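Analysis of the macromolecular model
As a plain string of letters, each chain reads:
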There are 2 protein chains.
Amino acid sequence: MSLRDLINKELSKWMLAPGPESDVVISSRVRLARNITGIPFPNRATPEQAKQVYNQVQKALEDRTAFNLKLVDLSRLSEIERTAMMEKHLISPMHAEGGQYKGVAFSEDEVISVMINEEDHIRAQVLYPGFQVEEAYRVVNQLDNFLESKLDFAFSEKYGYLTACPTNVGTGMRASVMVHLPGLNLANRIQQMLQGVSKLGLTVRGVFGEGTEAQGNLYQISNQVTLGRTEEEIIDNLNRVTEKIIENERYWRQQLLKERKDDLTDRIMRSYGLLMYAHKMSSEEAVRLLSDVRLGIDLGIIKNVEPNVFSELIVLTRPGYLQKIENKTLKPEERDIRRAALIRKRLRLTQS
Amino acid sequence: MSLRDLINKELSKWMLAPGPESDVVISSRVRLARNITGIPFPNRATPEQAKQVYNQVQKALEDRTAFNLKLVDLSRLSEIERTAMMEKHLISPMHAEGGQYKGVAFSEDEVISVMINEEDHIRAQVLYPGFQVEEAYRVVNQLDNFLESKLDFAFSEKYGYLTACPTNVGTGMRASVMVHLPGLNLANRIQQMLQGVSKLGLTVRGVFGEGTEAQGNLYQISNQVTLGRTEEEIIDNLNRVTEKIIENERYWRQQLLKERKDDLTDRIMRSYGLLMYAHKMSSEEAVRLLSDVRLGIDLGIIKNVEPNVFSELIVLTRPGYLQKIENKTLKPEERDIRRAALIRKRLRLTQS
């Protein structure tokens, strides 16, 4: 199989299409937590009860008039396959650990996914490329209405939707954007932005890496509060804050280009050179260098390379994916060699 | 002018042809110090006496039956031109400072050069690519005989040829090889080799950089003693030691290839990637990365690149040369940008 075919086959369709404002916003996601009345939450449920949840959801999804989702039983997948699913954000890290009566149903383009027996009975998510929070909310809302027409969700007049963890009670909704902020980082404005965002009821965390260190300048921004606010208020708030961040990030990128063009160009081109030639590469380094290259593409410093290589390669070069592509378990040092080879090959694909 | 034409024009012809054992020995040089009887050494000579020396040598060189050398009056050259001459080893750093009645005569291929009124009245050198100490000695000897047939050299029965600095008295000869020793360096064997060489009456110094830190793994090995030994003994000794170094260096390169191939490949390819893409580069970094690339070419890790890029680019990217090519004075940061651009262009010339 050619690398192009492999990428088309392995990656979610939505990853291959650029979304709006994708120079800053990589993806937008909205997910809902729902539970079925009268059955304990998954961490308290007996195998029999978990099976009951699985079967009820499976039955609901058999009606394909509104949504055509394919259900996969996680216990039938290998660890490598589950890890790869996690790496493309189709399932959560917790779900990737697998177990009995755990499943995931997803649409062909993988925009929609429904996890069964994760922390809650149902975790439904819609994930779009670029800045499309409202669109994601619109679709997840339809999905929620559809599921609610088939299943009896635990709901309290006082608290709203009941969830395994109190932080999700209420709307049960988490809306988020994944943003690429190299400009703010290089201009040392990231802490200021993080503080501002926190004050507005949103949480920011690095997508990769521990603590405040966000590898690859990738941050996920999501609503902190699910209780006492309507879904529309949550979406509106995230939208407004994200618009502000886009504006700020673009401003600082232009400032860098104006004031430190040679330094910036040097940094970006060196990262590109390393990705084009290195023989070994850790996933941490890959994310860091790919972030520079993406910035270079967005600023017109690197030409003839599709912006997509960034999100594609960040997923493809994760440990699970690499092993899925190679179809075997690889030692870390082997992975570093395969990762570097895959990156070299992918970057050369787009060179004119 | 194309880059290829520029290189052919700017660099000494001998640099463009590979010599024997050039995977380790970059060049071989023999130089003689000679002075004319009855005229004080240059640092003591009056302008009138310096002029006398200049004129006598000029007259001697007019006989082109044996050697066809072109004489250039250094006072007619710009500082940039003199620096560039120094950077390709045609004249010494001291001579590059210029001054009245200082000159250099050289053959068309620049293998032979004769400096007039440097530290001694005459410094004649023969410089060959690769390991050709004997050949260089043979030619410099002919040149010496030719000059001696025209000029009256200061010579003492007891001490031999008299020179401005006592360290040159005797044969007045300094024979040297420039060797590239990345294998010994990476295997941490360089100190051991340096000590061994010193015990054999030879001096080792880094070609670039201060102290024991040899940038680009380039070392010059030369005879320490000029007194009490015949020319043939000096040449034989240097030859034998160099053969041993070649053998050692090759042994350690193969060991590295056997034991640390992935690390070595990664290091070499990363250096190559940086040279191919960086936007700014200091001459120190350039020499260091070019050394890795040369090793990669010699070990077959980098293909489709001529080994020559190493010695060519090390000369072309020196500050004086860069300014000569651009035909103007450049600030250090401008030089770093031009240097990186020249390297990128040159490396792409040889890619198939």
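Predicted model, so just to flag it, every value in this text is computed and none were measured.

Residue and element names in this part refer to chain A. Pairing in this open sheet of eight strands is antiparallel, and the strands run β2-β3-β4-β5-β1-β8-β10-β9 from one edge to the other. Edge positions in the sheet fall to β2 (70-73) and β9 (202-206), since each of these pairs with one other strand and no more. Each neighbouring strand pair of the sheet contributes to a mean axis angle of 20 degrees, computed without reference to strand direction. Bridge count for strand β4 (residues 112-116) against strand β5 (residues 122-129) is five bridges, and the pairing is antiparallel. Counted as the bridge partner of S113 is Q125 from β5. Together, β1 (25-34), β4, β5 and β8 (173-180) form the strand contacts of helix α6 (residues 133-150), whose direction differs from that of β5 by roughly 150 degrees. Against the sheet, helix α9 (residues 231-259) contacts β1, β8, β9 and β10 (218-223), and its axis sits at roughly 5 degrees relative to β8.

Enumeration over the complete set of coordinates arrives at nine aromatic pairs over all chains. Through pairs of rings, three or more aromatic residues link up here, namely A:Y272, A:Y277, B:Y272 and B:Y277. The cationic tip of A:R34 hangs over the ring face of A:Y161; the distance from NZ or CZ to the ring centre is 3.5 Å. Its guanidinium or amino end placed over the ring of B:Y277, B:R348 lies 5.1 Å from that ring's centre, counting from NZ or CZ.

Another point: the relation of the copies chain B and chain A. For the pair chain B and chain A, the best superposition has an RMSD of 0.1 Å and corresponds to a rotation of 180 degrees with a translation of 0.2 Å parallel to the axis. Accordingly, the operation relating the two chain copies is best matched by a two-fold axis. The rotation axis passes nearest to the C-alpha of B:G273 in chain B, at a distance of 2.2 Å.

Another point: the domain arrangement of chain A. Residues and elements named next belong to chain A. We note that the domain assignment places domain 1 (3-249) and domain 2 (259-349) within chain A. Computed from C-alpha coordinates alone, the two centres of domain 1 and domain 2 are separated by 26 Å. Of the residues lining the interface, 26 residues belong to domain 1; the matching set on domain 2 comes to 31 residues. With both sides pooled, the region where domain 1 packs onto domain 2 buries about 2600 Å², and carbon together with sulfur makes up 67% of that total. Together, L3, E87 and L186 form the three largest contributors to the area buried by domain 1 at its contact with domain 2, with a combined 24%. For K324, the salt bridge identified is with E10, shortest N-O distance 2.7 Å. At the level of elements, α1 (3-10), α2 (13-16), α4 (79-87) and α7 (182-186) are the ones that each hand at least two residues to the side of domain 1 that touches domain 2. Taken together, the residues of the side of domain 1 that touches domain 2 break down into 14 nonpolar, six polar and six charged.

Moving on, we come to the side chain of A:N308. Residues and elements named next belong to chain A. Position of N308 relative to the elements: it lies in the loop between α11 (283-298) and α12 (309-316). Look at N308 and you get buried, because its relative accessible area is 13%. With residues near it in sequence (within four places) discarded, N308 still touches M15, L16 and A17.

Parameters and conventions
Residues numbered from 1 in each chain as written. Chains lettered and ligands numbered in written order. Predicted model: local features only at pLDDT ≥ 70, side-chain atom pairs only at ≥ 80, totals over all residues. Heavy atoms only, no water. Pairing = 2+ DSSP bridges. Helix = DSSP H or I, 4+ residues; strand = E, 2+ residues; numbered from the N terminus. Axes fitted to C-alpha atoms, helices over the stretch in contact; angles between N-to-C directions. Contact = heavy atoms within 4.5 Å. Phe/Tyr/Trp six-rings, centres within 6.5 Å; stacked < 30°, edge-to-face > 60°. Lys NZ or Arg CZ within 6 Å of the ring centre and 35° of its normal. Least-squares fit on C-alpha atoms with pLDDT ≥ 70 in both. Domains from an automatic or database assignment. Buried area = accessible area lost by both parts, 1.4 Å probe. Salt bridge = Lys/Arg side-chain N within 4 Å of Asp/Glu carboxyl O. Nonpolar A, V, L, I, M, F, W, Y, C, P; charged D, E, K, R; others polar. Buried < 20%, exposed > 50% of the residue type's maximum accessible area, 1.4 Å probe, protein only.

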